[in-house]
There are 2 protein chains.
Amino acid sequence: MKLSLRGEYALRALLVLGLHYNEPVVRIQTISQQQNIPKRFLEQILNDLKSAGLVQSKRGVSGGYRLARKPEEITLAAVVRHIEGALAPVSCVSERYYEKCSCPDESRCAIRSVMKEIRDAVVKIAERVTIAELCERYERLQTHPTVALDYVI
Amino acid sequence: MKLSLRGEYALRALLVLGLHYNEPVVRIQTISQQQNIPKRFLEQILNDLKSAGLVQSKRGVSGGYRLARKPEEITLAAVVRHIEGALAPVSCVSERYYEKCSCPDESRCAIRSVMKEIRDAVVKIAERVTIAELCERYERLQTHPTVALDYVI
DNA sequence: CAATAACTCGATTGACATAGTCGAGATTTT
DNA sequence: AAAATCTCGACTATGTCAATCGAGTTATTG
């Protein structure tokens, strides 16, 4: 039930790009340093996000990356789906990465019905939250430093 | 964000044991055949569930496995946590498998705050659903065969 | 126009996890 | 005593994860 480091790094990088959306580009190195992400690894990830159409790049001196779309148009779900694949805990309840499972009768599988609930709960959140919202949350968390994460609902 | 096959098999096996809760024991082979789970692999898994105190075993002819507790007392969460570890998508929001993450300021991490929401949504379901409920769902799905899973909310 | 600072792309690697498989042994029933 | 069953640890093949590396391409800038 886990997000890989790769996926986490992708989100962190996109958050940085969202926060700097007004600037022309942000360099890999900047992101790498700010977020403690190995540079060479981040390279790969950003390239991957580029091929997904989530990010644009500019080469050469004063090159770097920027979001390919508005922050409000990039959902968590889209990012994670591209990096990790299915959001569903088992692929027999995944809408876009469906795979048949080995259980005797998938259409009447009790476990599947629960997994579908879990999937829906996760997807509901991941499709609602965008990079823009991550940026808002970031600002809010910076501005109200006393409000610890654990008190946020 | 995925459950391993191992975890899925564990749930399927426990469901079978739940359905046969009135019987003294169920043999590995029976479960293996009913659920299309490789026998030798299932052996391992049941042994693991035994060490978790979820299952009891009896050796010898007419031996087998049974639930160590009432079906209502075994939650999905307990099973998955024992087989897979954290239910949280990233371990920095896990309550019992917490690990520090590499982000600059965990206490004000925007991504973390979303991940916590996802974790809570998953945990809420997984802690509410028990083997007993899986059994009920199973019966319901058997009895009302026309009601496809996809129409169930 | 040359130096430099970026991104690009594919290959490689080491560690670890996953999904099994296997063999030999211990227990219990009949 | 024989047979069926669980037990336990070891083993293996494959794949994924998290990087790392080298060589190349592109664009700026002095």
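Scroll up to find the structure.
Anyway, here's the lowdown on the structure attached to this text.

Thresholds applied
- Residues numbered from 1 in each chain as written.
- Chains lettered and ligands numbered in written order.
- Predicted model: local features only at pLDDT ≥ 70, side-chain atom pairs only at ≥ 80, totals over all residues.
- Heavy atoms only, no water.
- Near = heavy atom within 4 Å.
- Polar contact = N/O pair within 3.5 Å; in protein donor to acceptor, adjacent residues only side chain to side chain.
- Helix = DSSP H or I, 4+ residues; strand = E, 2+ residues; numbered from the N terminus.
- Nonpolar A, V, L, I, M, F, W, Y, C, P; charged D, E, K, R; others polar.
- Core = buried A, V, L, I, M, F, W, Y, C linked by side-chain atoms within 4.5 Å.
- Buried < 20%, exposed > 50% of the residue type's maximum accessible area, 1.4 Å probe, protein only.
- Contact = heavy atoms within 4.5 Å.
- Phe/Tyr/Trp six-rings, centres within 6.5 Å; stacked < 30°, edge-to-face > 60°.

Thoughts on the protein's contact with DNA strand C
Here is step 1: Close contacts around DNA strand C come from 27 residues, with A:Arg27, A:Lys50, A:Tyr65, B:Arg40 and B:Arg59 the closest.
Here is step 2: Among the atoms of DNA strand C lying within 4 Å of the protein, the sugar-phosphate backbone contributes 62%.
Here is step 3: In this structure, a phosphate oxygen belonging to DNA strand C sits 3.2 Å away from a side-chain N or O atom of B:Lys58.
Here is step 4: B:Gly60 places a main-chain nitrogen or oxygen 3.4 Å from a base oxygen of DNA strand C.
Here is step 5: Secondary structure elements with two or more residues in the surface near DNA strand C: α3 (39–51), β1 (55–58) and β2 (64–67) of chain A together with α1 (5–19) and α3 (39–51) of chain B.
Here is step 6: Top element by residues in the surface near DNA strand C is α3(A). It accounts for four residues.
Here is step 7: Considered class by class, the residues forming the surface near DNA strand C number eight nonpolar, ten polar and nine charged.

Examining the nonpolar core
Here is step 1: In terms of nonpolar packing, the biggest core is built from 100 residues, with A:Leu17, A:Leu46, A:Leu49, A:Val79, B:Leu49, B:Val79 and B:Leu134 touching the most fellow members.
Here is step 2: In contact with A:Val79, other than residues within four places in its own chain, are A:Ala10, A:Leu11, A:Leu14, A:Leu49, A:Leu54 and A:Ile74.

Brief notes about the packing of aromatic side chains
Aromatic rings considered in pairs are described by the distance between their centres and by the relative angle of their planes.
Residues and elements named next belong to chain A.
Here is step 1: As enumerated under the stated definition, the model contains two aromatic pairs over all chains in all.
Here is step 2: A ring pair is formed by Tyr9 and Phe41, whose centres lie 5.7 Å apart and whose planes are at 80 degrees; its orientation type is edge-to-face. A residue pair is termed long-range when its members are at least 10 positions apart, and Tyr9 in helix α1 (residues 5–19) and Phe41 in helix α3 qualify at 32 residues.
Here is step 3: For Tyr9, a relative accessible area of 7% translates into the label buried.

Here's the deal with the protein's contact with DNA strand D
Here is step 1: In the vicinity of DNA strand D there are 27 residues, among which A:Arg40, A:Arg59, B:Arg27, B:Lys50 and B:Tyr65 approach most closely.
Here is step 2: The sugar-phosphate portion of DNA strand D accounts for 61% of its atoms within 4 Å of the protein, the bases making up the rest.
Here is step 3: Within the side chain of A:Gln44, an N or O atom sits 2.6 Å from a base oxygen of DNA strand D.
Here is step 4: B:Arg27 places a polar side-chain atom, nitrogen or oxygen, 2.5 Å from a phosphate oxygen of DNA strand D.
Here is step 5: Secondary-structure elements contributing two or more residues to the surface near DNA strand D are α1 and α3 of chain A together with α3, β1 (55–58) and β2 (64–67) of chain B.
Here is step 6: Counting residues per element, the surface near DNA strand D draws most heavily on α3(B), which supplies four residues.
Here is step 7: Tallied by class, the residues present in the surface near DNA strand D amount to eight nonpolar, ten polar and nine charged.

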